[in-house]
Amino acid sequence: MKKLALLVLPLLLLGAVAASGCGKTPGGTNTGPSGGPVTQVEMDATNFAVSSVTVKSGVPFKFVDPTDTGGLHIICAGHNGKCIANADAPSELADPGFTINPGDTKTVTFDKPGTYQVACTVHPDMNLTITVQ
Ligand SMILES: [Cu+2]
């Protein structure tokens with residue numbers, strides 16, 4: 001019995017390390033000041049740092065690409081790489097969207113509460129759900 005525990009424990013630890021290594025850190029740097037509403041989302045060369053954020057209507061929200069390597073992003077209201085018309089979304093997100101080059105920041109203000117799907121037409125897996133309160 002003791003031998004089995006010695007064998008199983010390292011495997012469990014290995015599994016825990018592997019599980020924490022993949023996936024994205026929820027929140028990360030994408031949190032507002034003092035636990036307030038989220039005011040920005042960061043992205044790397046191919047995706048957003050998180051898959052969803054909750055923001056406050058009327059508060060400027062930033063799309064940030066802090067990396068100085070990698071390709072550009074073209075961000076619009078949409079899903080899975082396609083722009084989808086959303087009359088409630090800020091005009092900047094209308095088809096064909098706006099371009100973010102590495103190192104760029106783009107500020108968008110959501111004025112209407114609701115749920116918005118945001119996509120990147122360069123990266124079909126790059127999706128963000130923005131809940132505006
Ligand atoms: Cu992209």
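I will try to describe carefully the structure that is included in this document.

Definitions and cut-offs
- Residues numbered from 1 in each chain as written.
- Predicted model: local features only at pLDDT ≥ 70, side-chain atom pairs only at ≥ 80, totals over all residues.
- Helix = DSSP H or I, 4+ residues; strand = E, 2+ residues; numbered from the N terminus.
- Buried ≥ 20, exposed ≤ 12 C-beta atoms within 10 Å, placed from the backbone.
- Pairing = 2+ DSSP bridges.
- Axes fitted to C-alpha atoms, helices over the stretch in contact; angles between N-to-C directions.

## Topic: the environment of Lys-56
(1) Moving on: Residue position: Lys-56 is located in the loop between strand S2 (52–55) and strand S3 (60–64).
(2) Moving on: Sequence spacing of Lys-56 and Ile-130 is 74 residues, and the spatial spacing of their C-alpha atoms is 9.9 Å.

## Structural notes on the environment of Val-41
(1) Moving on: Here Val-41 is to be found in strand S1 (residues 40–42).
(2) Moving on: Judged by the 23 C-beta atoms lying within 10 Å of it, Val-41 falls in the buried class.
(3) Moving on: Spatially, the C-alpha atom of Val-41 lies 9.8 Å from that of Thr-105, the residues being 64 residues apart in sequence.

## Quick look at the sheet that holds S3
(1) Moving on: If you trace the three strands from one edge of the open sheet to the other, you get S1-S3-S7, paired in mixed fashion. Each of the sheet's edge strands pairs with one partner strand only, and the pair in question is S1 and strand S7 (105–109). Taken over all neighbouring pairs, the strand axes of this sheet differ in orientation by 20° on average, direction set aside.
(2) Moving on: Note that S3 and S7 share five bridges and pair antiparallel. Bridging across to S7, Pro-60 finds its partner in Thr-109.

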